[in-house]
Amino acid sequence: MTETDFIPSAYSKTLETGKVTWESPSNIALVKYWGKKENQIPANPSISFTLNNCKTITELSYRTKESDTDFSFEVYLDGEKKDDFKPKIETFLKRIHVYLPFLKNYHFKIETSNTFPHSSGIASSASGMSALALCFMSMEKQLKPKMTTNYFNQKASFLARLGSGSACRSLEGDIIVWGQTDAISGSSDLYGTKYPYQVHENFKDYQDTILLVDKGEKQVSSTVGHNLMHAHPYAENRFKQAHENLEKLKPILESGDLNKFIALMESEALTLHAMMMTSMPYFILMKPNTLEIINKIWSFRERTGLHIGFTLDAGANVHVLYPKKEANVILDFIKNELVAYCQNEQYICDQIGFGANQL
Ligand code: PMV
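In this report, we go over the structure that sits alongside the text. The structure displayed is predicted, hence computed values, not measured ones. (Residues numbered from 1 in each chain as written. Predicted model: local features only at pLDDT ≥ 70, side-chain atom pairs only at ≥ 80, totals over all residues. Heavy atoms only, no water.)

### With respect to the pairing of strand β1 (residues 17-31)
Walk down a regular strand and you will see the side chains alternate between the two sheet faces. Burial within β1 is extensive, with 12 of its 15 residues counted as buried. Both β1 and strand β4 (residues 46-64) contribute to a ladder of 13 bridges, which runs antiparallel. Looking across to β4, one finds that T21 is bridged to E59. The pairing of β1 with strand β14 (residues 357-358) spans two bridges and is classified as antiparallel. Across the sheet, W22 pairs through a bridge with Q358, a residue of β14. (Buried < 20%, exposed > 50% of the residue type's maximum accessible area, 1.4 Å probe, protein only. Helix = DSSP H or I, 4+ residues; strand = E, 2+ residues; numbered from the N terminus. Pairing = 2+ DSSP bridges.)

As structure tokens, then:
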């Protein structure tokens with residue numbers, strides 16, 4: 001598939017007014033996407049676990065309007081009008097208009113809510129952009145009823161990517177790859193694809209407890225961070241390493257080797273933050289409590305031999321990952337020793353999930 005394959009031929013049907021609703025989850029990358037080319041093309045491939053509980057629910061109401069010169073929409077979060085969300089959505093609409101030429105013919109009411117606290121510091125862009133992309137695709141599906149499920153999913157992921165890169169990995173589960181790499185057959189820069197190889201039982205119901213270390217606004221946005229990879233002294237090696245790590249992950253996912261899995265995942269998390277610290281200008285998104293938690297995890301693992309590991313996204317929060325069969329003891333440890341480092345003792349219990357649903 002190329003970009004132009006997602007430009008539709010003329011629609012045979014019309015649509016007046018209606019409403020569609022989707023819920024879509026967040027995801028957590030194991031091999032991280034950091035750095036992009038023009039048009040939201042990733043500089044390196046990434047792979048993620050789709051989450052189950054951290055979701056955005058978006059209801060899109062549409063009605064035809066007279067003029068088709070501009071986009072027209074209003075946005076609500078938890079029933080409250082959110083004009084500050086509009087610029088990001090306007091940018092998204094501009095980027096996807098060529099692929100969904102009907103967009104200027106409608107007035108939209110976008111009503112959205114998250115299952116996680118919105119000031120939690122958890123990025124809602126992956127779940128939010130994928131839910132919105134799916135709503136628009138449901139409209140297009142009504143305009144083109146013969147559309148196949150495969151095309152629907154690919155195009156929804158393709159559009160979500162244009163909203164926020166990592167959003168293209170949220171639509172399906174349970175393990176998704178984004179970014180062309182020889183390591184994974186079928187992988188594409190344009191959309192997320194399901195991980196196509198065998199996965200060991202150990203990973204089937206993997207747990208992710210998200211420790212909310214800092215709920216404040218990030219000092220440096222992902223967009224700025226990605227851009228700083230352009231003139232970065234270690235960029236080329238980092239991009240090469242991501243391809244290698246995807247190759248290394250295959251036998252790990254197949255054999256269920258949890259020690260190797262943890263080593264690769266933690267190395268990826270720290271490499272992501274090392275890229276931030278070695279950018280120019282440099283920046284640090286981890287907080288003192290992020291490091292406290294990491295050290296506690298390491299000593300608990302050493303002491304117990306249990307398979308607890310962490311990863312980080314572009315922020316201070318810590319995702320604690322572990323297999324379900326060790327969940328009882330590990331969750332006790334989290335509650336007794338780690339939650340104290342969270343802001344207002346807040347954490348979210350999540351696990352690997354299977355993607356978005358139409359409601
Ligand atoms: O989707 P963005 O542009 O917010 O970038 C997210 C990048 C990381 O979360 C740090 C890594 C990833 O692959 O999700």
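### Examining the sheet that holds strand β10 (residues 207-211)
A sheet is described by the order of its strands in space; here four strands give the open sequence β11-β12-β10-β13, paired in antiparallel fashion. Strands with a single pairing partner mark the edges of an open sheet, and in this sheet they are β11 (309-312) and β13 (347-351). With strand direction ignored, the average angle separating the axes of adjacent strands in the sheet is 25°. Taken together, the five bridges between β10 and β13 define a ladder with antiparallel strand orientation. (Axes fitted to C-alpha atoms, helices over the stretch in contact; angles between N-to-C directions.)

### Let's talk about the nonpolar core
Of all hydrophobic cores here, the largest spans 44 residues; its most connected members are L60, I96, L103, F108, F136 and M139. Among the elements of the structure, β1, β4, β5 (72-77), α1 (86-96), β7 (106-114), α2 (125-143) and α3 (149-163) are those that each provide at least two residues to this core. With 10 residues, the single largest contributor to this core is α2. Apart from residues lying up to four places away in sequence, I96 is in contact with L103, F136, L159 and L162. Judged by nonpolar contacts, the second largest core, of 32 residues, contains C54, V177, Y195 and V199. (Core = buried A, V, L, I, M, F, W, Y, C linked by side-chain atoms within 4.5 Å. Contact = heavy atoms within 4.5 Å.)

### Here's the deal with the site of the ligand
Surveying the vicinity of the ligand reveals the residues A29, K32, Y33, W34, S164, G165, S166, R169, S222, H226, L272 and A314. S222 has a polar side-chain atom sitting 3.4 Å from an oxygen atom of the ligand. In isolation the ligand offers 380 Å² of accessible surface; the protein chains occlude 89% of this area. Residue classes in the shell around the ligand are distributed as five nonpolar, five polar and two charged. (Near = heavy atom within 4 Å. Polar contact = N/O pair within 3.5 Å; in protein donor to acceptor, adjacent residues only side chain to side chain. Areas by Shrake-Rupley, 256 points an atom, 1.4 Å probe, with all protein chains shown as cover. Nonpolar A, V, L, I, M, F, W, Y, C, P; charged D, E, K, R; others polar.)

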